[in-house]
Amino acid sequence: QVQLVESGGGLVQPGGSLKLSCGTSGIIFSVYNMGWYRQAPGKEREFVARIFSTGVKTYGTSMKGRFTISRDNPKNTVTLQMVSLQPEDTAVYYCNAQNLPQNYWGQGTQVTVSS
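Residues numbered from 1 in each chain as written. Predicted model: local features only at pLDDT ≥ 70, side-chain atom pairs only at ≥ 80, totals over all residues. Heavy atoms only, no water.

Enquirer: Break down the state of the cysteines for me, citing the residues and quoting the values.
Expert: Covalent bonding between the sulfur atoms of two cysteines defines a disulfide. A full pass over the atoms with the stated rule returns 1 disulfide. One disulfide bridge connects cysteine 22 with cysteine 95, the sulfur atoms lying 2.1 Å from each other. In this structure the cystine formed by cysteine 22 and cysteine 95 twists about its S-S bond by roughly -80 degrees; its chirality is therefore left-handed. Linking cysteine 22 in strand β3 (residues 18-25) with cysteine 95 in strand β9 (residues 91-99), this pair joins segments that are 73 residues apart in sequence. Its relative accessible area of 0% is what places cysteine 22 among the buried residues. (Disulfide = S-S within 2.5 Å. Helix = DSSP H or I, 4+ residues; strand = E, 2+ residues; numbered from the N terminus. Buried < 20%, exposed > 50% of the residue type's maximum accessible area, 1.4 Å probe, protein only.)

Enquirer: Residue-level account of the pairing of strand β5 (residues 46-51), with values.
Expert: Here 5 bridges tie strand β4 (residues 33-39) to β5, and the two strands are oriented antiparallel to one another. Looking at the pairing, methionine 34 lines up with isoleucine 51 of β5. Counting the residues between successive antiparallel strands, the hairpin from β4 to β5 contains 6 residues, one of them, glycine 42, with a positive phi of roughly 75 degrees. When β5 meets strand β6 (residues 57-59), the two strands line up antiparallel, connected through 3 bridges. Directly across from isoleucine 51, in β6, lies its bridge partner lysine 57. Linkage of β5 to β6, two consecutive antiparallel strands, is achieved through a turn of 5 residues, within which glycine 55 is found at a positive phi near 100 degrees. (Pairing = 2+ DSSP bridges.)

Shown next, in the form of structure tokens:
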């Protein structure tokens, strides 16, 4: 079965850094577009970053310059390095794997930015 498992979330102070990881199984990872989305309480799910199967990267407007997405195909893993975190970054962060018509989501990991 397909599994996407996020890790690395936690509590960090404003200005701090976190690195999230998403390990996958049950998919041909190298052909999937991988992404990160986040959702804060009472808000819609928001696009964070995407790395296509080709390695091309895109970012949400507020994430550009602070977040870096990468993938390690031999390890079937996608990573999100986050720096200069601010309270508005607080959300549950979800890993996404897409190769339409297939579209999979992880369970999410909580990121809280607070002093």
